[in-house]
Amino acid sequence: MTETVNAVREVLVEALELPRRPEDLAVDTALFGSLPELDSFGVVALVASIEGRFDITIDDDEFGADIFETVGSLADFVDSKLASA
């Protein structure tokens, strides 16, 4: 797994206070709609944590359910932000 995936898994567990270990989250682990912790407040906490961890800014118009579909889709989004920075 890539460093980004591992870091995203850590951020997910920390920001959402998930009762899991980061390594329990696979790339294809469903997020939005599957994790009760990922509600509107959870999304805000997660985005703030991702921005802080990766030193990126996520604009409001970039928000979409597809970004939060799986651990892999979130990691791909972060990778794309890092590549364009």
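Residues numbered from 1 in each chain as written. Predicted model: local features only at pLDDT ≥ 70, side-chain atom pairs only at ≥ 80, totals over all residues. Heavy atoms only, no water.

So, the packing of helix α2 (residues 40-54) against helix α3 (residues 71-84)
Contact geometry for α2 and α3: axes closest at 12 Å, N-to-C directions at 45°. Judged on the interaxial angle alone, α3 and α2 are oblique. In this structure, α2 crosses over α3, and the sense of that crossing is right-handed. Contacts between α2 and α3 involve Leu46, Ile50 and Phe54 on the former and, on the latter, Leu74, Val78 and Leu82. When the residues that make up the contact of α2 with α3 are grouped by side-chain class, the tally is six nonpolar, no polar and no charged. (Axes fitted to C-alpha atoms, helices over the stretch in contact; angles between N-to-C directions. Helix = DSSP H or I, 4+ residues; strand = E, 2+ residues; numbered from the N terminus. Parallel < 35°, antiparallel > 145°, perpendicular 65-115°, else oblique. Left-handed = near helix turned anticlockwise from the far one by under 90°. Contact = heavy atoms within 4.5 Å. Nonpolar A, V, L, I, M, F, W, Y, C, P; charged D, E, K, R; others polar.)

Some details on the pattern of salt bridges
Here the structure, examined in full by the defined rule, presents four salt bridges. Among the salt bridges present, the one from Arg53 reaches Glu10, with a minimum N-O distance of 2.7 Å. In this pair, Arg53 sits in helix α2 while Glu10 sits in helix α1 (residues 3-16), placing the two residues 43 residues apart along the sequence. Overall, the relative accessible area of 31% leaves Glu10 in the partly exposed class. As a salt-bridge pair, Glu62 and Lys81 come within 3.0 Å of each other at their nearest N and O atoms. Note that Glu62 is positioned in the loop between α2 and α3 and Lys81 in helix α3, a separation of 19 residues in sequence. For Glu62, a relative accessible area of 25% corresponds to the partly exposed category. Each of Arg21, Glu23 and Asp24 takes part in a single network of salt bridges with overlapping partners. (Salt bridge = Lys/Arg side-chain N within 4 Å of Asp/Glu carboxyl O. Buried < 20%, exposed > 50% of the residue type's maximum accessible area, 1.4 Å probe, protein only.)

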